[in-house]
Amino acid sequence: MNLKEANAALLLSAHYDELTGLPNRTLLSDRMQQAMIKCQRNKQSMAVAFIDLDGFKWINDSYGHSVGDQFLRLITQKLKQSLREGDTLARIGGDEFVAVIDELGLPEDAHKVLWRLLEAAANELNINGNRLKTTASIGVTFYPENNCSPDQLLRSADQAMYKAKQLGKDCWHIFDIQEDVAVKSKIEEIERIRLALYNEEFVLFYQPKIDLRSKQLIGMEALIRWNHPEQGILPPVAFLPIIEHDLLSIELGEWVIHTALEQLECWRSSSLEVPISVNISPMQLQSSDFVSRLEHMLNKFPSRNLNNLEFEILESSALEDIDLATEVINLCKKLGVKFSIDDFGTGYSSLAYLRRLPINLLKIDREFVFDMLSRTQDSIIINSTIALAHNLRLQVVAEGVEDKATLRRLRKMGCDYAQGYTICKPKTWPEIETWLEESPEFFT
């Protein structure tokens, strides 16, 4: 072989797949770049189709690589025949191919070609007397509708291909740009919240609970707030829903518990014995190492804050796996932690689970408390809940109490505790200390 032939062979191997003779990833990127320039010039669209053969691995494993290679060479010819003149088909590895379908007046003009690709991939092939067949899952994205680099176009099409597999294979799925933007936006939001935790931007506010009979302070609910550098104090609704299904919610939940334990230790050193209740997310409650991590945190404090730490869990999260919830609550109670059901009445309200769950308290949701003086039905629900709870030897706290008249009515009904704006808004601990000194009407 002379130098010219050697250079030609080297160039061929650098740009073409040895098995099928198709352009490889390097040449594909160049072809895509050229097609994108042509689209811009002619104001047309281009489709990038990521093709994965369903079932090829089984052929390769069952009949060997020799048969598998023959199958790929034959299916390559079928795929090429389904494309138009000028379109590009490349093999980027294994049983993965990419088709570049350009000069489209509209994205929809690619649909006929995509159907032909599916039919081509589903052709039954006879190799050494073996009748072999695959199907294809195809992910598609369009340029300039998806206005990004060749590499990003491939990633988008690849992502859509996996969606096609989830939909049952032997089909094609178009990449959803809006959904992708939403996902990216949520990822960015989660990372910003993670950074806020790292930068110690979160703080705990406390809202007092009072005993309606003695009018004395009987506890505080710890409520997380984000002290955002630009936006100021943000409520939980501004960030907790974003991380609801992310592991960061567990990490942030542990921060709340640890911070509450530090506050309890601080109060104990100043001879103040006030329990703190902490809201526990469903994901945190159901995590496999929740109890062991809690015990580890408790062991960091000399007093362990026995019987002064309380957890509030949503009614719906307890019912999601009632056996697990019961086990977790029992284990936590051995560590000295009490439990209450938050927002009672807004979920399933099953009497069966109240009998099973080893809880100490029910919290009546503010939805019923807010209008109880003007809505007879709400008043009846609250009265019945209080009676039910007391019969089950549970205590009751009404949240969202906004006026003195509601406070007096709840006391007449026999409600044990209350919290709400008419008593005190959520405040930082220094503000709570001032409130304690200036609110004699609630304390003897």
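Scroll up to find the structure this text is about.
Here the residue numbers are simple positions, counted from 1 along each chain's written sequence. Confidence filtering applies because this is a predicted model: local features only for residues at pLDDT of at least 70, side-chain atom pairs given and counted only at 80 or more, and all residues used for totals across whole chains, interfaces and linings. Only hydrogens and water are set aside; all other atoms, that is, all heavy atoms of the structure, feed into the side-chain values.

Student: Got a minute to help me understand helix 4 (residues 65-82) in this structure?
Tutor: By the criteria applied, helices consist of DSSP H or I runs no shorter than four residues and strands consist of E runs no shorter than two, each listed in order from the N terminus. Each residue after the first adds 1.5 Å to the expected span of a helix. Compared with the 26 Å implied by 1.5 Å per residue over 18 residues, the 26 Å span of helix 4 between its first and last C-alpha is a close match. Here's how the labels work: a residue is buried when its accessible area is under 20% of the maximum for its type, exposed when over 50%, partly exposed in between, all with a 1.4 Å probe on protein chains only. Three or more residues of helix 4 are buried, namely Val67, Gly68, Phe71, Leu72, Ile75, Thr76, Leu79 and Ser82.

Student: Help me out: how do you make sense of unusual backbone geometry in this one?
Tutor: In terms of backbone geometry, most residues other than glycine have negative phi values and most peptide bonds are trans. Geometrically, the link from Tyr143 to Pro144 is a cis peptide bond, its omega value of 10° lying close to zero. Tracing the sequence through the fold places Pro144 in the loop between strand 6 (135-143) and helix 6 (150-166). Even without glycine at this site, Glu200 takes up a positive phi of about 60°. Despite not being glycine, Arg393 has its phi angle at roughly 60°, a positive value. Mapped onto the fold, Arg393 is located in the loop between helix 15 (376-391) and strand 15 (395-398).

Student: Just to check I follow, could you spell out the sheet that holds strand 1 (residues 45-54) for this structure?
Tutor: Whether parallel or antiparallel, the strands of a sheet pair through hydrogen bonds between backbone atoms. Ordered by their spatial adjacency, five strands build an open sheet running 2-3-1-6-7, and the pairing between neighbours is mixed. Bordering the open sheet on either side are strand 2 (88-93) and strand 7 (171-174), each of which pairs with just one other strand. Strand-to-strand twist in this sheet, taken as the mean axis angle between neighbours without regard to direction, amounts to 20°. In terms of strand pairing, strand 6 meets strand 7 through four bridges, oriented parallel. Note on strand 7: the bridge partner recorded for Ser137 is Cys171. Contacts between residues were defined by any pair of non-hydrogen atoms, one from each residue, lying within 4.5 Å. To define axes, lines are fitted to C-alpha atoms, for helices over the stretch in contact only, and angles between the resulting N-to-C directions are given on a 0 to 180 degree scale. Helix 6 rests against strand 1, strand 3 (96-104), strand 6 and strand 7 of the sheet, and its axis sits at about 140° to strand 6. Note: two strands are recorded as paired if DSSP finds a minimum of 2 bridges between them.

Student: Quick question: what am I supposed to make of the state of the cysteines here?
Tutor: Here, disulfide denotes a covalent bond that connects the sulfur atoms of two cysteines. Note that a disulfide, as used here, is simply two cysteine sulfur atoms within 2.5 Å. Across all of its chains, the model carries zero disulfides by this definition. Sulfur of Cys415: no disulfide; nearest cysteine sulfur belongs to Cys424 and is 18 Å away. Judged by relative accessible area, Cys415 falls into the buried class, the value being 1%.

Student: Please clarify how the nonpolar core should be interpreted in this entry.
Tutor: Here is a general trend for soluble globular proteins: nonpolar side chains tend to be buried in one another's company. One finds Ile257, Val278, Leu309 and Phe311 to be the most contacted residues of the largest nonpolar core, which totals 76 residues. Filtering out sequence-adjacent residues up to four positions away, Val278 remains in contact with Ala222, Val256, Ile257, Ala260, Leu309, Glu310, Phe311 and Glu312. One finds Leu22, Leu118, Ala120 and Leu132 within the second-largest nonpolar core, a separate group that totals 33 residues. To qualify as a nonpolar core, a set must consist of buried Ala, Val, Leu, Ile, Met, Phe, Trp, Tyr and Cys residues joined through side-chain atoms within 4.5 Å.

Student: Would you mind going over the pattern of salt bridges with me for this structure?
Tutor: If charged atoms from side chains of opposite charge come close, those side chains can pair. A pairing counts as a salt bridge when a side-chain nitrogen of Lys or Arg comes within 4 Å of a carboxyl oxygen of Asp or Glu. In total, this model carries 21 salt bridges according to the counting rule given. Linking Asp52 and Lys165 is a salt bridge whose minimum nitrogen-to-oxygen distance equals 2.9 Å. Of this pair, Asp52 sits in strand 1 while Lys165 sits in helix 6, and the two are 113 residues apart along the sequence. Taking relative accessible area as the criterion, Asp52 reaches 8% and is therefore assigned buried. Under the relative-accessibility criterion, Lys165 is labelled partly exposed at 23%.

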